[in-house]
Amino acid sequence: MEIFGIEVDLSNLINIGLKIGLLILAFIIFIPIGKKIIERTINRAGSNQKISESRVKTLEKLLVNLFSYVMIFVFIVMLFAIFAIPIGPLLAGAGVVGLAIGFGAQGLVSDVVTGFFLLLERQVEVDDYITAGGYDGIVEELGLRTTKIRSFNGTLNFIPNREIIGVANHSRGNMRALVDIGISYDENIDEAISLLEKVCAEFQQDERFKDGPNPIGVQGLGSSDVVLRVVGQTENGEQFGCQRDMLKRIKEAFDEANIEIPFPHQVNIQKG
């Protein structure tokens, strides 16, 4: 059979098309099954070895990522086999091609090496709150090439591992909840601190707090206020909620005691 003047073996074309279709179908079925097996195996191993949930998630996402790369490679090899393209010469030629593009691939190698050490040293795990590569947020995935960080505004940032020069991990150990509140210079400082002690006593019964909170006194003298500080130790990730709750309760307590929290005033002067 001729197509555009080219002799084509229709039966062979149909045979190749069926093989490609079966190959795609097999991968569509097998890849989700493989990912499920990895997830269940990691979760079971994590339960048996008493590994932390964040570590389990990190290893799960990494292995799924590696599994996807391997499946892509296997798919390409099998596709070449269907078209009867010999793999040996291609692999042999890969050394020459690899040498040619080696300098361009330095970034990729750096990504993989950095990602390996991030995992090995457990600097970062999934669900950790970190600052790295100029981004601040929650780690959603740690791969050998890139790390995904979700910012608090919802943006998902993809950071090449080589860009992670240093990591500030805010999720290791207890965190500090810190509240600064200003009162007017006309108010009685001792009375305000006494009121803060009562508010802190309420929050000391809160299970989120591991130590405190306690008022530590005058933190600074502003242009229009005296700044008082309250500090406590909370569980990881709970510090922001605790700070918000304390600010709300302190504001309510100050209002009840008629203690003024300064705020900007606008004065309008009309000339007669």
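Up top is the structure.
Okay, so let's go over this structure. Everything numeric here is computed off the predicted structure, so don't read it as measured data.

Some details on the overall build of the protein chain
Stage number 1. What the protein chain contains, in helices and strands, is 6 helices and 10 strands.
Stage number 2. Counting every position in the protein chain, which comprises 272 residues, the buried fraction comes to 29%.
Stage number 3. For the protein chain, contacts bridging at least 24 residues in sequence account for 64% of all contacts bridging at least 6.

Re helix H6 (residues 239-256)
Stage number 1. Between its terminal C-alpha atoms H6 stretches 26 Å, which fits the 26 Å expected from 18 residues at 1.5 Å a residue.
Stage number 2. Where H6 is concerned, the buried positions are Gln239, Gly241, Cys242, Met246, Ile250, Ala253 and Phe254.
Stage number 3. In this fold, the buried residues of H6 make contact with strand E3 (129-132), strand E8 (175-183), helix H5 (189-203), strand E9 (209-221) and strand E10 (226-234).
Stage number 4. Downstream of H6 by one or two residues, Asn258 has phi in the positive range, about 60°.

Some words on the packing of aromatic side chains
Stage number 1. Using the criterion set out here, one finds 5 aromatic pairs in the structure.
Stage number 2. With centroids separated by 5.2 Å and ring planes inclined at 85°, the aromatic side chains of Phe27 and Phe75 adopt a geometry described as edge-to-face. One end of the pair, Phe27, is in helix H1 (residues 10-49); the other, Phe75, is in helix H2 (residues 53-82), and 48 residues separate them in sequence.
Stage number 3. By relative accessible area, Phe27 is classed as buried at 12%.
Stage number 4. Residue classification places Phe75 among the partly exposed positions, given a relative accessible area of 24%.
Stage number 5. Consider the rings of Tyr129 and Phe240, whose centres lie 5.9 Å apart with planes at 65°: the pair is edge-to-face. With Tyr129 in strand E3 and Phe240 in helix H6, this residue pair connects regions lying 111 residues apart in the sequence.
Stage number 6. Take Tyr129: its relative accessible area is 14%, and that puts it in the buried class.
Stage number 7. Pairwise contacts between aromatic rings join Tyr129, Phe152 and Phe240 into one cluster.

Some details on the pattern of salt bridges
Stage number 1. This structure, assessed with the given rule, holds 10 salt bridges.
Stage number 2. Here Asp180 ties to Arg229 by a salt bridge, and the two come within 2.7 Å at their closest N and O atoms. Of this pair, Asp180 sits in strand E8 while Arg229 sits in strand E10, and the two are 49 residues apart along the sequence.
Stage number 3. As a salt-bridge pair, Glu202 and Arg249 come within 3.0 Å of each other at their nearest N and O atoms.

Cut-off values and rules
Residues numbered from 1 in each chain as written. Predicted model: local features only at pLDDT ≥ 70, side-chain atom pairs only at ≥ 80, totals over all residues. Heavy atoms only, no water. Helix = DSSP H or I, 4+ residues; strand = E, 2+ residues; numbered from the N terminus. Buried < 20%, exposed > 50% of the residue type's maximum accessible area, 1.4 Å probe, protein only. Contact = heavy atoms within 4.5 Å. Expected span 1.5 Å × (residues − 1). Phe/Tyr/Trp six-rings, centres within 6.5 Å; stacked < 30°, edge-to-face > 60°. Salt bridge = Lys/Arg side-chain N within 4 Å of Asp/Glu carboxyl O.

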